[in-house]
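Summary of structural features
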Amino acid sequence: MTADTRSSVRSDTMPNQQDGRLELLSDKNSALVLVDYQPTMFSGVGSGDKTIIRNAAYCSAKAAAILGIPVVLTSINPAGNGNFLAEISSLFPGQEVYARAVPGFDAFEDEKVWNAFKKTGRKKMVVSGLWTSMCFAYTALHGLKEGYEVYGLIDAGGDSTPDAHRYGIERMLQAGVVPITVESLVSEWMHTWTNPKAGELVKEVYSRYGYMIGLGRV
């Protein structure tokens, strides 16, 4: 490979200074979408530790609630799959969990869900869900297709097998979804320890789950 070829490859793959991916997530530019965190969906997860997955989803929602970041919650067939996890939905009292009328895997094919996200006015979409290779991936791909900057919350996702989770992630990454984990997400939203909500985030999010930045449980 010549020097000119290497330069061309770098220019094609590296983001330029105007690329939105270089702008950090904040409480002003992003919204969180959580898809199908329901008992039956969790029962079929075999790709990883269910407690870690559940905790990551809760942490992201709790941090969003503390920082006033818009959140969209959606479920599929609650009569058969159970209601969206109350530990998460109760963080947003009075807010509707959108039980999709369209019985598909892409949450944004449901008009209510899509309109709820658009109403946030945010350009950066943080999304996760069960299962990774289907509802999580298809919803994220829909967001990309509509021109949004999409961030996949990877450790809050799960699937039936490790391979299903892995290749669901790879499909999203190849399409342009930016991977992120809950510890990184919460810290990026908080931005600095001078954030007036930092103490509450330490007490209610970081310290709640000891795997985050080495803090013990309280």
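Residues numbered from 1 in each chain as written. Predicted model: local features only at pLDDT ≥ 70, side-chain atom pairs only at ≥ 80, totals over all residues. Heavy atoms only, no water.

1. Focus on the overall build of the chain
What counts is decided by this rule: Helix numbers and strand numbers start at the N terminus; a helix is a DSSP run of H or I with at least 4 residues, a strand a run of E with at least 2. Each residue is assigned to one of three classes by its accessible area relative to the maximum for its type, calculated with a 1.4 Å probe on protein chains only: buried under 20%, partly exposed between the two thresholds, exposed over 50%. In what follows, a contact means two residues having at least one pair of non-hydrogen atoms within 4.5 Å. Only the protein chains shown count as covering a residue, and every accessible area follows the Shrake-Rupley method with a 1.4 Å probe.
Broken down by element type, the chain carries ten helices and six strands. Within the chain, the proportion of its 218 residues that are buried is 49%. For the chain, contacts bridging at least 24 residues in sequence account for 76% of all contacts bridging at least 6. Accessible surface, the chain as shown: approximately 10500 Å² in total, 52% of it carbon and sulfur.

2. Concerning the sheet that holds strand E2 (residues 71-75)
As a general point, the strands of a sheet are linked pairwise by backbone hydrogen bonds and lie either parallel or antiparallel. Formally: DSSP bridges decide pairing: two strands pair if at least two such bridges lie between them. Axis definition: a line fitted to C-alpha atoms, limited for helices to the stretch in contact. Angles are taken between N-to-C directions and run from 0 to 180 degrees.
Reading across from one edge, E3-E2-E1-E4-E5-E6 is the order of the six strands in this open sheet, with parallel pairing throughout. Edge strands, defined here as strands with exactly one partner in the open sheet, are strand E3 (98-99) and strand E6 (178-180). In the packing of helix H3 (residues 50-67) onto the sheet, contacts are made with strand E1 (30-35), E2 and strand E5 (149-153), and the angle to E1 comes to roughly 145°.

3. Side note on the nonpolar core
To keep it simple, the criterion reads: Joining through side-chain atoms within 4.5 Å is the link that ties buried Ala, Val, Leu, Ile, Met, Phe, Trp, Tyr and Cys residues into a set, and such a set is a nonpolar core.
Counting 41 residues, the largest nonpolar core has Leu34, Tyr37, Ile88, Val126, Leu130, Trp189 and Leu201 as the members making the most contacts within it. Among the secondary structure elements, those contributing two or more residues to this core are E1, helix H2 (39-43), H3, E2, E5, helix H9 (182-190) and helix H10 (198-206). Among the elements that make up this core, the one with the highest residue count is H3 (ten residues). Grouped together as the second largest cluster of nonpolar side chains are 23 residues, Val35, Ala107, Ala116 and Phe117 included.

4. Focus on the packing of aromatic side chains
Where we set the bar: Stacked, tilted and edge-to-face are the three classes applied to pairs of Phe, Tyr and Trp rings, where Trp contributes its six-membered ring and a pair requires centres within 6.5 Å; stacked means planes under 30 degrees apart, edge-to-face means over 60, and tilted covers the rest.
Tallying each qualifying case throughout the model produces nine aromatic pairs. Ring centres 6.1 Å apart and planes at 65° place the aromatic pair tyrosine 37 and phenylalanine 84 in the edge-to-face group. Linking tyrosine 37 in the loop between E1 and H2 with phenylalanine 84 in the loop between helix H4 (78-81) and helix H5 (86-89), this pair joins segments that are 47 residues apart in sequence. Of the two residues, tyrosine 37 and phenylalanine 84, both sit in the buried class. Their ring planes at 45° and their centres at 5.7 Å tell us that tryptophan 193 and tyrosine 206 sit as a pair that is tilted. Highlighted residues: tryptophan 193 in the loop between H9 and H10 and tyrosine 206 in helix H10, separated in sequence by 13 residues. In this structure tyrosine 206 comes out as buried when scored by relative accessible area, which is 1%.

5. As for the packing of helix H7 (residues 132-145) against helix H8 (residues 162-175)
Stated formally: In these notes the angle categories are as follows: under 35 degrees is roughly parallel, over 145 is roughly antiparallel, 65 to 115 is roughly perpendicular, and the rest is oblique. Here the nonpolar group is Ala, Val, Leu, Ile, Met, Phe, Trp, Tyr, Cys and Pro; Asp, Glu, Lys and Arg are the charged ones; every other residue, Gly included, is treated as polar.
Look at H7 against H8: their axes get within 9 Å of each other, and the N-to-C directions meet at 5°. As far as their axial angle goes, H8 and H7 are roughly parallel. On H8, the residues touching Thr132, Ser133, Phe136, Ala137, Tyr138, Ala140, Leu141 and Leu144 of H7 are Ala164, His165, Gly168, Ile169, Arg171, Met172 and Ala175. Among the residues forming the contact of H7 with H8, the class breakdown is ten nonpolar, four polar and one charged.

6. Considering the side chain of lysine 124
Test applied: Under the rule applied, a polar contact is a pair of N or O atoms within 3.5 Å (in protein, one hydrogen donor and one hydrogen acceptor; residues adjacent in sequence only if both atoms are side-chain atoms).
Relative to the assigned elements, lysine 124 resides in strand E4 (residues 124-129). The class of lysine 124 is buried, set by a relative accessible area of 0%. Of the polar contacts made by the side chain of lysine 124, one reaches the side chain of glutamate 149; its length is 2.5 Å.

7. Comments concerning the pattern of salt bridges
Here is the rule: Just to be clear on terms, a salt bridge is a Lys or Arg side-chain nitrogen sitting within 4 Å of an Asp or Glu carboxyl oxygen.
For the coordinates displayed, the defined rule picks out six salt bridges. Between lysine 123 and glutamate 23 there is a salt bridge, with its nearest N and O atoms 2.8 Å apart. With a gap of 100 residues between them, lysine 123 in the loop between helix H6 (111-118) and E4 and glutamate 23 in the loop between helix H1 (3-13) and E1 connect regions that are remote in the sequence. On the basis of relative accessible area, lysine 123 is assigned to the partly exposed category, the value being 41%. Between aspartate 36 and arginine 100 there is a salt bridge, with the nearest N and O atoms lying 2.9 Å from each other. Of the two residues, aspartate 36 is situated in the loop between E1 and H2 and arginine 100 in the loop between E3 and H6; the sequence distance between them amounts to 64 residues. For the pair shown, aspartate 36 and arginine 100 are each scored as buried.

8. Quick word on the confidence of the model for the chain
Put simply, the rule is: Confidence scores per residue from the predictor, reported as pLDDT, run from 0 to 100.
Averaged over every residue, the pLDDT of the chain is 90; residues scoring 70 or more account for 86%. Note on residues 3-11: pLDDT under 50 across the span, and one contact to partners over four residues away in sequence or across chains.

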